[in-house]
Amino acid sequence: FTHLGVLMPFVHHFLSRLRELLDRSKNRRSIKINQDCKDDLDLMLFFLAMAHDGIDLNYIAYLKPSHIYRSESCPKGLGGYNHHGKAWRFLLPPNLLYRASNNLLEHLASIITPWIDIIDGELGNGDC
């Protein structure tokens, strides 16, 4: 268990039930592995498979952004653009004006802006 903990420190939390079973097994001939422990083992196998496949360093290292997006909204609509100049906008129909908070519109705009690049195939794995 300690080798796995060195590789993935957060794993100690998930292994606590298994360590408890190990302690209990020292005084008994047999022990029953409950479903929670089986689920923890399945999770550990999943984590080990991920570690075996490798972890993209782009996910754990600071990098200069490869894409920069700006988005904005107002009560009448929302829009955004990327650093290449690709822009979009959406004006709300009159029957929808003032029915959503500006925070919601800002959130939607921040999702739509990179989504356009994803749809166009301009964002790949490891891009940030």
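To be clear, the structure that these remarks concern was listed above.
Every value quoted in this text rests on a predicted model; they were computed, and no experiment measured them. (Residues numbered from 1 in each chain as written. Predicted model: local features only at pLDDT ≥ 70, side-chain atom pairs only at ≥ 80, totals over all residues. Heavy atoms only, no water.)

A. Broad picture of the packing of helix 2 (residues 11-25) against helix 3 (residues 35-53). The N-to-C vectors of helix 2 and helix 3 enclose an angle of 135 degrees; their axes lie 10 Å apart at closest approach. Looking at the two axes, helix 2 sits oblique to helix 3. Relative to helix 3, the crossing made by helix 2 is left-handed. Here helix 2 contributes V11, F14, L15, R17, L18 and L21 to the contact with helix 3, which in turn contributes D36, C37, D40, L41, L43, M44 and F47. For the contact of helix 2 with helix 3, the residue count by class is ten nonpolar, no polar and three charged. (Axes fitted to C-alpha atoms, helices over the stretch in contact; angles between N-to-C directions. Helix = DSSP H or I, 4+ residues; strand = E, 2+ residues; numbered from the N terminus. Parallel < 35°, antiparallel > 145°, perpendicular 65-115°, else oblique. Left-handed = near helix turned anticlockwise from the far one by under 90°. Contact = heavy atoms within 4.5 Å. Nonpolar A, V, L, I, M, F, W, Y, C, P; charged D, E, K, R; others polar.)

B. Focus on empty space enclosed by the protein. One pass over the structure, following the stated rule, counts one cavity of 30 Å³ or more. The space that makes up the largest cavity amounts to roughly 40 Å³. The wall of the largest cavity is formed by Y69, Y81, N82, K86, A87, W88, T113, I116 and D117. Counting only elements with at least two residues in the lining of the largest cavity, the list comes to strand 2 (77-82), strand 3 (87-91) and helix 4 (102-119). With three residues, the single largest contributor to the lining of the largest cavity is helix 4. Tallied by class, the residues present in the lining of the largest cavity amount to five nonpolar, two polar and two charged. (1 Å grid on protein atoms, 1.4 Å probe; cavity = no way out; pocket = protein on both sides within 12 Å on 5 of 7 lines; lining within 4 Å. Points joined across faces, edges and corners; volume = space filled by probe spheres on them.)

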